[in-house]
Amino acid sequence: MGSDMYRQQILDHYKNPRNYGELDDATFSHVGENPSCGDTIRMDVRLEDDDETIEYVAFSGDGCAISQASASMLSSKLQGLTLDELAELDRDDVVDMLGVDISPMRIKCAVLAEKVAQDGAKIYREDLDIDATTTEE
Amino acid sequence: METQESYPLDVESIRADFPVLERKVGGDPTVAGEGDGDDVPLVYLDNAATSQTPKRVVEAIVDYYYEYNANVHRGIHHLSQEASVAYEEAHDRVADFVGASGGREEVVFTNNTTEAENLVARSWGLNELGPEDSIVLTEMEHHASLVTWQQVGKKTGAEVRYIRTEEDGTLDMDHAADLIDETTEMVSVVHVSNTLGTVNPVAELADLAHEQDAYIFVDAAQSVPNRSVDVEAMDADFLAFSGHKMCGPTGIGALYGKRAILEELEPFNYGGGHVRKVTYEDATWEDLPWKFEAGTPNISGGIALAEAVDYLEDIGMDRIQRHEELLTEYAYDRLSEFDDIEIYGPPGDQRGGLVSFNLDGVHSHDLSSILSDQGIAIRAGDHCTQPLHDKLGIPASTRASFYLYNTREEVDALVEGVDEARELFA
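Just so we're clear, the structure is a prediction, and the values are computed from it rather than from any experiment.

Draft legend 1. Inspection of the sheet that holds strand β3 (residues 54-62) of chain A at higher detail. Residue and element names in this part refer to chain A. Strand order in the open sheet made by the four strands is β3-β2-β1-β4, with mixed pairing throughout. Where the open sheet ends on each side, the last strands, each with one partner, are β3 and β4 (133-134). Alignment of strand β2 (residues 39-47) against β3, held across eight bridges, turns out to be antiparallel. Paired with M43 across the strands is F59, a residue of β3. Relative to β3, helix α2 (residues 65-77) is tilted by about 165°, and along the sheet it contacts β2 and β3.

Draft legend 2. Looking closely at empty space enclosed by the protein. All names here are of chain B. Under the criterion given, the structure shown has two cavities of 30 Å³ or more. If you add up the space inside the largest cavity, you get close to 90 Å³. Counting contributing residues, the lining of the largest cavity receives three or more from each of domain 1 (11-51 + 316-424) and domain 2 (57-314). Of the residues contributing to the lining of the second largest cavity, the split by class is four nonpolar, three polar and two charged.

Draft legend 3. Spatial organisation of the environment of A236 of chain B. If you trace the backbone, A236 of chain B turns up in the loop between α8 (231-234) and β9 (238-242). Sequence separation between A236 of chain B and A203 of chain B is 33 residues, and the spatial gap between their C-alpha atoms is 7.7 Å.

Draft legend 4. Region of interest: the pattern of salt bridges. Tallied over the entire structure, the rule returns 30 salt bridges over all chains. Salt-bridge contacts for D44 of chain A lead to R42 of chain A; the nearest nitrogen and oxygen are separated by 2.8 Å. With a relative accessible area of 0%, D44 of chain A lands in the buried category. Judged by relative accessible area, which is 25%, R42 of chain A ranks as partly exposed. The salt bridge partner of R106 of chain A is D366 of chain B, with a shortest N-O separation of 3.0 Å. Here R106 of chain A is found in the loop between α4 (91-98) and α5 (107-124), whereas its partner D366 of chain B is found in helix α12 (residues 364-373) on a different chain.

Cut-offs and rules
- Residues numbered from 1 in each chain as written.
- Chains lettered and ligands numbered in written order.
- Predicted model: local features only at pLDDT ≥ 70, side-chain atom pairs only at ≥ 80, totals over all residues.
- Heavy atoms only, no water.
- Pairing = 2+ DSSP bridges.
- Helix = DSSP H or I, 4+ residues; strand = E, 2+ residues; numbered from the N terminus.
- Contact = heavy atoms within 4.5 Å.
- Axes fitted to C-alpha atoms, helices over the stretch in contact; angles between N-to-C directions.
- 1 Å grid on protein atoms, 1.4 Å probe; cavity = no way out; pocket = protein on both sides within 12 Å on 5 of 7 lines; lining within 4 Å.
- Points joined across faces, edges and corners; volume = space filled by probe spheres on them.
- Domains from an automatic or database assignment.
- Nonpolar A, V, L, I, M, F, W, Y, C, P; charged D, E, K, R; others polar.
- Salt bridge = Lys/Arg side-chain N within 4 Å of Asp/Glu carboxyl O.
- Buried < 20%, exposed > 50% of the residue type's maximum accessible area, 1.4 Å probe, protein only.

See below:
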């Protein structure tokens with residue numbers, strides 16, 4: 001744990017976020033927050049013509065380094081995946097992606113972006129009806 | 001360093017009373033240079049959240065369970081008598097500690113400060129308040145008071161008003177005088193803010209409340225642990241605090257209430273142990289304070305709370321307060337040296353024993369994680385004062401809070417830890 005969480009990759013993504021911004025032509029957008037940290041994330045997803053494959057993802061938001069770096073990395077990782085593949089991602093995939101051990105107290109920060117993307121896709125497919133995602137159960 | 005001389009406590013001998021302060025924490029065995037994963041001395045600066053527990057308080061709990069564990073107020077047998085006497089006397093010792101001349105009849109043991117707030121909210125607030133009434137709080141209330149009275153307002157229609165917090169973290173007392181009017185039935189205020197460190201003028205607020213025939217409830221969770229509190233000098237109608245912030249165990253706290261008021265209130269919990277006569281139709285209540293302690297209470301916790309009170313009194317509340325003030329001022333001054341650190345609340349020499357701050361560009365949770373690597377325990381988040389953080393325009397802050405066993409060297413470690421975070425994020 002610890003400084004281990006702040007390896008160069010995390011800090012790099014936090015300081016230089018990839019795919020940061022909002023999309024005018026997003027197929028769907030969704031927002032979420034992690035109340036305990038005050039982290040907020042918005043994910044904008046554009047699908048290809050098959051209405052299934054993720055073409056591009058942009059994110060915006062504000063919060064701790066773990067939440068923002070996770071969103072930055074995820075925005076790249078999701079490109080080319082299908083919505084079904086997105087739905088199958090779990091906590092371990094996020095931790096693997098981050099490449100560091102995440103302490104139990106910080107796991108909500110790490111998984112926020114993933115939950116926002118997954119909930120956004122569910123809402124788009126009309127499997128879920130919420131306004132915003134939260135990491136509080 | 002010669003300034004150390006003016007510190008009134010023998011911290012080295014006090015620290016020996018707290019085994020946990022000897023332990024080491026942090027470090028990641030998989031990271032080069034971080035050692036074996038258990039090699040950083042603990043620097044415990046999260047005392048406003050919970051304090052550490054001295055040996056004699058833990059021993060009081062062990063003694064109870066090893067020597068005289070029995071239910072109170074029920075058995076005639078020897079152990080029950082011993083337990084009952086110890087538990088009852090614990091109320092007297094705690095009453096004496098906060099200057100309640102009515103003794104045990106004015107002190108109800110609760111789980112914590114929150115439950116004490118809920119006791120008054122339910123026994124009195126829900127029964128007595130209506131749409132024509134108002135409840136006055138401060139903008140710096142802890143959720144324990146804020147959420148509780150907010151819900152009473154919603155259920156009874158009573159209006160909830162908030163006394164403004166000024167830029168410097170003090171209360172706008174003119175605003176208080178305006179808000180507390182003939183409709184006001186309850187003024188519930190925090191004595192020492194757990195976020196800003198502000199020491200509020202509770203005696204003055206009590207006068208404003210009493211001029212309007214309103215009650216004043218003082219949330220003393222952050223003051224009773226570290227200063228001499230006299231409920232009668234401040235003329236509090238109710239005052240609450242938690243054992244675990246004052247060297248006691250978790251799950252025990254106390255509500256002080258003026259005897260004449262407590263006598264009029266209904267119990268807020270019902271069940272066994274607090275009743276005198278029960279028929280299939282009705283029940284009558286035990287004397288104070290047992291009327292409010294339905295069910296088997298936290299017996300060992302109450303006894304241990306009294307032991308914590310004795311421990312603190314043996315050291316001396318005035319000396320503990322002075323020690324905390326000196327440390328806090330030192331921490332405030334050291335953190336103030338940096339332009340990228342924003343500190344919230346009053347100046348360093350006018351506050352309770354805590355400093356909340358933010359380091360520019362580093363979220364408080366990141367800062368907390370990085371400090372944790374160095375063994376430094378601080379609080380990060382909203383400290384159960386979300387509306388106050390919204391008012392300050394920040395999602396969270398980092399809080400260092402001090403107690404009788406902390407040292408200037410630990411403050412130095414904090415400042416160095418913050419510096420490390422600054423470099424990491426630069």
